[in-house]
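Geometric and topological summary
Chain by chain, the residues run as shown.
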Amino acid sequence: MSDAPIRKPSTGHPAHPGRRLIASAMIGLIAGIDNLGNGLAIAALLFTGPLAAGLGAGVGVVLLSAAILALLVALRSTQANSVALVQETGVAILASTVATMAAGLESAPEGVRIATAFAILGGSTLVTGLLFWTVGRLRLGRLVRFFPYPVVAGFLAGSGWLLVEGALAMVSGRHGLGAGIAELAAPMVAVTAAAAVGLAGLLVLAMRRSDSPFTMPLVLLATALAFHAGLPLLGVTAEEARGWGWLPGVDGGGGFSLPVPTEVLALADWGRVAAALPAMVSVAVLGMLGLLLNVSGIELAQGSDIDADAELRSTGAANLLAGALGGPSGYVGLGMTLLAGRMGATGRGAGLATAAVILGGLGVAGWLVSVTPVFLTAGLILFLGVELLQEWLIDARRRLPRTEWLIVLAVVLAIAGIGFMEGLALGLAVSLAMFVYSYSRLPVIRGRHSGAELRSRVDRSPAASLHLTGAGAAIEAMQVQGYLFFGTAEQIVGPVRDRLDRTGGDAGAQPLRFLIIDFRHIKGMDSAAAGVFRRIRNLIEAAGATLVLSALPNAVEDAFRNCGLDPDRDPVLRRAPDLDHALESCEEALLAGNGADGGGADAPLLRHLEAMTGPHPRLADAVAALDTLHLEPDEVLIRAGEAASDVFIIGRGRVKVQIALPDGRSLRLRTMTAGAVVGEIALLLGQTRGADVVVETPATIHRLTAATLARLEREDPELALVLHRILATTLAQKVTLANRLIEQAAV
């Protein structure tokens, strides 16, 4: 439970069997003594005030549960030297719950209150064991790590506060901060409280100065011996000390006792047990988080790979057995397990020896309860609470951003002022609100470009390209990203309104004709976001434009249809398989509306060349030097891997450049229309063809062979220079386009 911090990782060296046996025995002695002392403190925390009569049975069941956990985890853990302990965090929550129950049953018989307390304690451990085993069985252990860290820290710090309150209840015999403080007016209670605070301070100093596992047991033992040695010097008998509340009011005769299951079942108030179910679930969830955090720490420190789901299953089975006996929950302890590795206890002997020492201590449990000063158990509980508050509230201020630390503080204040479940709800609610706020601030628009800047992968004639340089501003393309929900979708509406307002306010601005929204990087969408797109659709309709939905995922399409948007039937909407095809279709519409229809697809080749290079007296001779091909759709103009011996100029029609994917599908790289030049790079560099070029529509294509170019270089250098100028201009245009695409991708 009070797992001493171990700062040095395991050396991992093999140990001699005899040395390993001695190391296991030492670990068992250390962990066993630690469990005995903390078992007394846990039982005293749970069974105080109106439940004090159950202290003896409480000690017995806590120690027996600790032995069961140590034994079963040692036998079944994937980490052989694991040492399991009863953990105090969950007990702190249950102590508050049990105290509330006892206050509600103040007029009930003592046996009913005690039986109900054991039912809540055992029921919580059963819920914990069942949750551990189920999550491990379903192999969902990793999912638990997504629990908000500030909430976990707040739970742990809040548990520390509950331990502080529990220590006060142990001293005063009254639950509740106000009632406990009021009791401090009694001199004997004040003396006990002062001694507990002094012991807690001594433990803090000792543990800060030493990381030895012997430090805490030695301090507690020395304190107990000093107390009993001091009683005769003060002239105080044990009976008087017991009457003053300095020693527990229990009989030290006999060994240990356990709650009788049949009596618990018969006497417990099961309505009160059911009311405690939310706290039980909280203990289970917090325990699972603690187990997984400890497993991660052991993996990191010892360099081992631990199956978290297997640990959940084995620890779950151990908790189910402990819960059936009415005991508290627990799991592998980080510090003790790392200490076992450091000392060379690499086998399962460490856990087995721990269980043996605890079982041996059961024989003197009754005597230990009777002679252990109240201030000692209260001081130990106070120390554990202060340590949790120090680590998870005070020290967390340096580790966490301010907003996350404020969540921790809010959880602690809610637990202290209202209750644990309220603190749990507040922490989750605030974390959810912070997540929504933070996520909503992330940019949902990945890129936003005008059609004058962002072009499709279609090589067009110079005339068509020149026309799109101006007319392309009527196209607006937005690439959205992430998960669209009510907190992020509104980011899209503002830019759409701005674009439409710019059209109305600037006489020189192109009216918006096409709004492309690309969903390729969208992971999902909720119904509220779909409603936002319905508003965008209405804005586009009012502007007389078209909304093009690109790369629409099935989940997003379903959300659209559920809110009344039909991409297939709505005249305002149009769909495209990807952004490139969306741009291409919008460009074709702009060109067709201008009467260019692809940039002069039926224009003579001479006009395409004049638009490319400007007028030249030898351009007609250049056209005459080319061969003319008439090709039909699906004919292959260029095949990947062939030697490059020709350059082609598209006179009419369209061709596509594509590559074959490993799965047999073809990926379109570019589309080329009238006036485009194909194959010049491979020819000039002397390379083989890198892609296929396939005819899409009936085409007239002009070919310049390498042999013709070489002949002209010898016989007519001026005409060869004109042809080289055409190729150089084409290459310059392609480099410019490539640079533009790189700039857009980097935005």
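Small disclaimer: the values here were computed from a predicted structure and weren't measured.

Criteria and thresholds
Each chain carries its own residue numbering, running from 1 in the written order of its sequence. It should be noted that, the model being predicted, local features are given only for residues of pLDDT at least 70 and side-chain atom pairs only at 80 or more, the latter also being counted only at that level, while totals for whole chains, interfaces and linings use all residues. To get the side-chain values, take all heavy atoms of the structure and skip hydrogens and water. Labels follow the DSSP assignment, with helices taken as runs of H or I lasting at least four residues and strands as runs of E lasting at least two, numbered in each case from the N terminus. Throughout, the radius of gyration refers to the C-alpha atoms, and the reference size of a globule is 2.2 Å times the residue count to the power 0.38. Throughout this description, buried means an accessible area under 20% of the type-specific maximum (1.4 Å probe, protein chains only), exposed means over 50%, and partly exposed covers the range between. Between two residues, a contact is recorded if the distance between any of their heavy atoms is within 4.5 Å. Charge counting follows a simple rule: Lys and Arg are positive, Asp and Glu are negative, and His as well as the terminal groups are ignored. A charged residue contributes its charge at one atom only: NZ of Lys, CZ of Arg, CG of Asp or CD of Glu. Planes of paired rings set the category: under 30 degrees apart is stacked, over 60 is edge-to-face and the rest tilted, where pairs are Phe, Tyr or Trp rings (Trp by its six-membered ring) whose centres lie within 6.5 Å. Charge over a ring is defined by NZ of Lys or CZ of Arg lying within 6 Å of the ring centre and within 35 degrees of the ring normal. We define a nonpolar core as any set of buried Ala, Val, Leu, Ile, Met, Phe, Trp, Tyr and Cys residues linked to one another through side-chain atoms lying within 4.5 Å. The arc refers to the directions leading from the helix axis to the C-beta atoms. For two strands to be treated as a pair, DSSP must find at least two bridges joining them. Counted as salt bridges are all cases of a side-chain nitrogen of Lys or Arg within 4 Å of a carboxyl oxygen of Asp or Glu. Like charges within 9 Å and nonpolar side chains (Val, Leu, Ile, Met, Phe, Trp, Tyr) within 5 Å are joined into patches, using only residues over 30% in relative accessible area that form no salt bridge. The protein chains shown are the only cover counted for residues, whose accessible areas, like all others here, come from Shrake-Rupley with a 1.4 Å probe. Here the expected length of a helix is defined as 1.5 Å per residue gap, with one fewer gap than residues. To get an axis, a line is fitted to the C-alpha atoms, and for a helix only the part in contact is used. The angle between two axes follows their N-to-C directions and goes from 0 to 180 degrees. If an angle is under 35 degrees, it is roughly parallel; if it is over 145, roughly antiparallel; if it lies from 65 to 115, roughly perpendicular; otherwise it is oblique. Note: crossing handedness is left-handed where the near helix turns anticlockwise from the far helix by less than a right angle, and right-handed where it turns clockwise. Three residue categories are used. Nonpolar comprises Ala, Val, Leu, Ile, Met, Phe, Trp, Tyr, Cys and Pro, charged comprises Asp, Glu, Lys and Arg, and polar comprises the others, including Gly. For the purposes of these results, a polar contact is taken to be a pair of N or O atoms within 3.5 Å, where, inside protein, one atom must be able to donate a hydrogen and its partner to accept one; residues adjacent in sequence count only when each atom of the pair is a side-chain atom.

A word on the overall build of the protein
On a plain count of helices and strands, the protein comes out with 31 helices and 16 strands. Radius of gyration (C-alpha) of the protein: 40 Å, far over the 27 Å computed for a compact globule of 747 residues. Judged by the C-alpha coordinates and their principal axes, the protein covers about 130 × 65 × 45 Å. Across the 747 residues of the protein, 51% fall into the buried class. In the protein, the proportion of contacts linking residues at least 24 apart, taken out of those at least 6 apart, comes to 81%. Counting 57 positive and 62 negative side-chain charges, the protein places the centres of these two groups 2 Å from one another.

Regarding unusual backbone geometry
A positive phi angle is found at arginine 139, which is not glycine, with a value near 55°. Inspection of the secondary structure assignment puts arginine 139 in the loop between helix H4 (110–137) and helix H5 (149–172). Positioned with a positive phi, aspartate 634 is a non-glycine residue whose angle comes to about 75°. On the secondary structure map, aspartate 634 appears in the loop between strand S9 (627–631) and strand S10 (636–638).

So, the packing of aromatic side chains
Per the stated rule, a full pass over the model turns up 6 aromatic pairs. Ring geometry for phenylalanine 519 against phenylalanine 533: centres 5.5 Å apart, planes inclined by 50°, an arrangement best described as tilted. With phenylalanine 519 in strand S6 (residues 514–525) and phenylalanine 533 in helix H23 (residues 527–542), the pair connects residues that are 14 residues apart, well separated along the chain. Overall, the relative accessible area of 0% leaves phenylalanine 519 in the buried class. The rings of Phe519, Phe533 and Phe560 are connected pair by pair, giving a single aromatic cluster. The lysine or arginine in question, arginine 397, covers the ring of tryptophan 405, its NZ or CZ lying 5.6 Å from the ring centre.

Comments concerning the nonpolar core
By size, the foremost hydrophobic cluster in this structure holds 106 residues, and its most contacted members are Leu46, Val59, Ile120, Leu203, Leu380 and Phe383. Once you skip the residues sitting within four places of it in the chain, isoleucine 120 turns out to touch Leu94, Val98, Met101, Arg272, Val273, Ala276 and Met280. Residues Met478, Val480, Leu512 and Val556 belong to the second largest nonpolar core, which totals 31 residues.

A short note on helix H30 (residues 706–715)
Among the residues of H30, those classed as buried are Thr708, Leu709 and Leu712. When H30 is viewed along its axis, its buried side chains cluster within an angular range of 100° and face the same direction. Projecting away from the buried face of H30 at angles above 90 degrees are the exposed residues Ala707 and Arg714.

What about the sheet that holds S9?
Strand pairing in a sheet is mediated by backbone hydrogen bonds. Such pairs are either parallel or antiparallel. The antiparallel open sheet is built from 4 strands, whose spatial order is S9-S16-S11-S14. Two strands lie at the open edges of the sheet, namely S9 and strand S14 (677–678), each paired on one side alone.

Description of the pattern of salt bridges
Summed over all chains, the structure comprises 25 salt bridges. Arginine 139 is the partner of aspartate 307 in a salt bridge, and the nearest nitrogen-oxygen pair spans 3.7 Å. Here the residue aspartate 307 occupies a position in the loop between helix H12 (277–302) and helix H13 (308–324), and arginine 139 occupies one in the loop between H4 and H5, the gap between them amounting to 168 residues. One salt bridge connects glutamate 476 with arginine 499, and the closest N-O pair in it is separated by 3.4 Å. Taken together, the positions of glutamate 476 in strand S5 (residues 475–484) and arginine 499 in helix H22 (residues 490–505) put the pair 23 residues apart, joining distant regions of the chain. Look at glutamate 476 and you get buried, because its relative accessible area is 5%. Using a relative accessible area of 3% as the deciding quantity, one classes arginine 499 as buried. Counted as one network, the salt bridges with shared partners bring together Glu557, Arg561, Asp566, Asp568 and Arg575.

A short note on a nonpolar patch on the surface
A cluster of nonpolar residues, Leu126, Leu130, Trp133 and Leu320, forms a patch on the protein surface that exposes about 340 Å² of accessible area. At 3 residues, the largest contribution of residues to the nonpolar patch is made by H4.

A few points about the pairing of strand S7 (residues 546–550)
Among the 5 residues in S7, 5 count as buried, and that is most of the element. Of the two faces of S7, the one lined by Thr546, Val548 and Ser550 and the one lined by Leu547 and Leu549 are each fully buried. Bridge count for S6 against S7 is 5 bridges, and the pairing is parallel. In the sheet register, isoleucine 517 faces S7, and the bridge partner there is leucine 549.

Describing helix H3 (residues 88–104)
Between its first and last C-alpha atoms H3 spans 24 Å; for 17 residues at 1.5 Å apiece the expected length is 24 Å, and the two agree. Among the 17 residues in H3, 13 count as buried, and that is most of the element.

Section: the sheet that holds S10
Ordered in space as S4-S13-S12-S15-S10, the 5 strands form an open sheet in which the pairing is mixed. What marks the edges here is a single partner per strand, and that holds for strand S4 (458–459) and S10. The sheet contact formed by strand S12 (residues 655–660) and strand S15 (residues 692–695) spans 4 bridges and is antiparallel. Residue valine 657 lies in a different strand from S15, and its bridge partner there is valine 693.

Describing the packing of H3 against H5
As a packed pair, H3 and H5 sit with axes 9 Å apart at the nearest point and diverge in direction by 55°. With respect to H5, the axis of H3 lies oblique. Of the two elements, H3 crosses H5, and the hand of that crossing is left-handed. Contacts between H3 and H5 involve Glu88, Thr89, Ala92, Ile93 and Ser96 from the first element and Leu156, Ser159, Leu162 and Leu163 from the second. Split into classes, the residues belonging to the contact of H3 with H5 amount to 5 nonpolar, 3 polar and 1 charged.

Description of the side chain of threonine 730
For threonine 730, the position within the fold is in helix H31 (residues 717–746). Among the polar contacts listed, one links the side chain of threonine 730 to the backbone oxygen of isoleucine 726, at a separation of 2.9 Å. In this view, threonine 730 contacts Met612, Val677 and Glu680; residues no more than four positions away in its chain are not counted.

Re the environment of serine 645
Along the polypeptide, serine 645 turns up in the loop between S10 and strand S11 (646–652). Between the C-alpha atoms of serine 645 and glycine 679, which are 34 residues apart in sequence, the distance is 8.9 Å. Not counting residues up to four positions away in its chain, the partners in contact with serine 645 are Leu683, Arg689, Leu704, Thr705 and Ala706. Separated by 3.2 Å, the side chains of serine 645 and aspartate 646 make a polar contact.

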